[in-house]
Amino acid sequence: MNPNSPVPNNGNIPAPLVRPVPPDQLSPKAVMLQVFNLRHVFKRYWKLIVGLMVIGGVIGKFIDVSEKRKPIYNGGITFNLGGGSPTQNGMGDLGALASAFGLGGGAPDANIFVGDNFMIYAKSRPVVEKTLMKTVKIHGVDTLLVNYYIQHSGIRDKEWEDDDTLRAFKLDSAKKPIEYNKQEIIAMDQIYKRILTEMGVSQPERKSSFMRLEGFMEDEDLTKVFVETHLKTIEEDYREKQTKKSREMYALLEERTDSLYRVLTGTENQLARQIDQNQQVVVARAQIQETRLTRNSTFLSQQYFSALQQQDNMRLSLIKEAPLFTEIEPVSLPLYKEIRTSIAAQAGIVLGLILSIIIIFFRETYRSIMQEG
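Residues numbered from 1 in each chain as written. Predicted model: local features only at pLDDT ≥ 70, side-chain atom pairs only at ≥ 80, totals over all residues. Heavy atoms only, no water.

Some details on the overall build of the protein
As a reminder, the rule being used: We count a stretch as a helix when DSSP gives it H or I for four or more residues in a row; a strand needs E for two or more, and each element gets its number in order from the N terminus. The buried label goes to any residue with under 20% of its type's maximum accessible area, the exposed label to any with over 50%, and the partly exposed label to all in between, with areas taken from a 1.4 Å probe on protein chains only. Any two residues whose heavy atoms approach within 4.5 Å at even a single point are treated as in contact. Reported accessibility uses the Shrake-Rupley method at a 1.4 Å probe radius. Residues are deemed covered only where the shown protein chains occlude them.
From N to C terminus, the protein includes 11 helices and seven strands. In the protein, buried positions account for 32% of the 373 residues. Here the analysis covers contacts within the protein between residues at least 6 apart in sequence; of these, 74% occur between residues at least 24 apart. Here the protein displays about 25,200 Å² of accessible surface, and carbon together with sulfur accounts for 58% of that area.

Right under this line is the structure:
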């Protein structure tokens, strides 16, 4: 019997069952056939594919050449925030400084200058607007920072390109947000939104207490001045908020001291007049009045000098509570210049490929229908 001849089915051995592939699945054979068909399709349409990709690339390259892309200047300040914190849990300033940047354990602190709160605070609109309203000296000329930003940031040529009113926008002097008119509110809102994309606050090293304030703008002088001015604004605003309670107490002590001084001066004047009157008088009532004025004068003197001492202590406390911003690495010129390349040429090539695939799909579909018909 030929070993290659088929084994007859005598009814005892069941014939192998060939299960058809479900319609929602593809067999490996069908996949390979489709791949071979794609090879033939590519042979027929390779000129169309290459042509459309070349056309898309040429158009994208033309857009790259014609588009004026200004370089971006990167500048930043590395600083350390220390001091201004009371002793906590016996750890002193070191523990307070660690907690100020989220390095300590325990529950989150509600203080706005702690951990991630500080990073959000440094980019908040009130602080940024205070920076923009500062007068700065650039090339020996004093100018309002917001006006210099409008002129050199590129916002006129991009966001305000089609708005003549905003293109001519300029502030004559520094203003508070409550003093803005409608046009100034719109302009400052758009300026702030753009600045959010042009600055950053970060912690370079996780285990370090150093912070870094950076700017990414189209003008080198603007980048340097903005970063430096913004750090000063943060320091001033930080000091104002951090010492608010102490300054209020100091104002009360100062008012109390002035009040005691006025009362003491009046009492001393009365005592002097009483002494002058009593030189030729031996009446007991006059002597009692002099004794009473002397006692009041002594008491007021003690209260006055005690208030002066408390006022001096509070002044020292204000100095102790004031935060210390130490610049570790200042902004130095020239700044790093980053030229952002356009991707219009690459996008044109990809679009050309996609368009060619769509055209081939419809042509092959139409061809298949005509062949079946």
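Some thoughts on the packing of helix H5 (residues 145–152) against helix H8 (residues 220–242)
We apply this condition: The axes are straight lines fitted to the C-alpha atoms, using for helices just the contacting stretch, and the angles between their N-to-C directions are given from 0 to 180°. Here the angle decides the label: under 35 degrees means roughly parallel, over 145 means roughly antiparallel, 65 to 115 means roughly perpendicular, and every other value means oblique. Two helices that cross are described as forming a left-handed crossing if the nearer one is turned anticlockwise from the farther one by less than a right angle, and a right-handed crossing if clockwise. Polarity classes work like this: nonpolar for Ala, Val, Leu, Ile, Met, Phe, Trp, Tyr, Cys and Pro, charged for Asp, Glu, Lys and Arg, and polar for all others, with Gly in that last group.
The interhelical angle for the contact between H5 and H8, taken along N-to-C directions, is 150°, at an axis separation of 11 Å. By the angle class used here, H5 and H8 are roughly antiparallel. Between H5 and H8 the crossing geometry is left-handed. Within the contact between the two elements, H5 uses Leu145, Tyr148, Tyr149 and His152 and H8 uses Asp221, Leu222, Val225, Phe226 and Thr229. The class makeup of the residues in the contact of H5 with H8 is six nonpolar, two polar and one charged.

Thoughts on the packing of aromatic side chains
The way to describe two aromatic rings as a pair is by their centre distance and the angle between their planes. The test is simple: Note on ring pairs: Phe, Tyr and Trp rings are taken, using the six-membered ring of Trp, and paired if centres are within 6.5 Å. Classes follow the plane angle, with under 30 degrees stacked, over 60 edge-to-face and the rest tilted.
What the rule picks out here adds up to one aromatic pair. Considering the side-chain rings of tryptophan 160 and phenylalanine 169, the 6.4 Å spacing of their centres and the 85° angle between planes classify their relative orientation as edge-to-face. Each of the two residues, tryptophan 160 as well as phenylalanine 169, counts as buried.

Some thoughts on the packing of helix H4 (residues 125–132) against helix H7 (residues 182–196)
One can describe the packing of H4 onto H7 by two numbers: an axis separation of 11 Å at closest approach and a directional angle of 105°. When the interaxial angle is binned, H4 and H7 end up roughly perpendicular. Only Ile185, Met188, Asp189, Ile191, Tyr192 and Ile195 of H7 make contact with H4, whose side of the interface consists of Arg125, Val128, Glu129 and Leu132. Across the contact of H4 with H7, the residue classes break down as seven nonpolar, no polar and three charged.

Here we look at the side chain of glutamate 129
Within the secondary structure layout, glutamate 129 lies in helix H4. Relative accessible area serves as the criterion here: at 6%, glutamate 129 is assigned to the buried category.

Here we look at the nonpolar core
Basically, it comes down to this: For our purposes a nonpolar core is just a set of buried Ala, Val, Leu, Ile, Met, Phe, Trp, Tyr and Cys residues, chained together by side-chain atoms within 4.5 Å.
In terms of nonpolar packing, the biggest core is built from 46 residues, with Phe118, Leu132, Val146, Trp160, Ile191, Ile195 and Phe325 touching the most fellow members. When near neighbours in sequence (up to four residues on either side) are disregarded, phenylalanine 325 contacts Phe79, Asn80, Leu81, Phe118, Leu231, Ile234, Glu235 and Tyr238. Counting five residues, the second largest nonpolar core, distinct from the first, contains Leu260, Leu264, Tyr304 and Ala307.

What about the pattern of salt bridges?
Any two side chains of opposite charge can pair, on the condition that their charged atoms come close. Put simply, the rule is: For this analysis, a salt bridge means a side-chain nitrogen from Lys or Arg found within 4 Å of a carboxyl oxygen belonging to Asp or Glu.
Within this structure, the stated rule accounts for 14 salt bridges. Arginine 212 is paired through a salt bridge with glutamate 214; the nearest N and O atoms lie 3.2 Å apart. The exposure class assigned to arginine 212 is buried, which follows from its relative accessible area of 18%. Ionic contacts of the salt-bridge type, sharing partners, join the residues Lys158, Glu159, Arg194, Glu198 and Glu218 into one network.

Thoughts on H5
Among the eight residues in H5, six count as buried, and that is most of the element. Among the residues of H5, Leu145, Val146, Asn147, Tyr148, Tyr149 and Ile150 are the ones counted as buried. For H5, the elements touching its buried residues are H4, strand S2 (135–138), strand S3 (141–144), H7, strand S5 (210–217) and H8. Positive phi shows up at glycine 154, right after H5, with a value of about 95°.

Section: the pairing of S3
Put simply, the rule reads: Any two strands are treated as partners once DSSP identifies two or more bridges connecting them.
Two elements, S2 and S3, share four bridges in a ladder whose sense is antiparallel. Along S3, the bridge assignment pairs valine 136 with threonine 143. In this structure, the hairpin formed by S2 and S3 is closed by a connection of two residues, where histidine 139 is found at a positive phi of approximately 55°.

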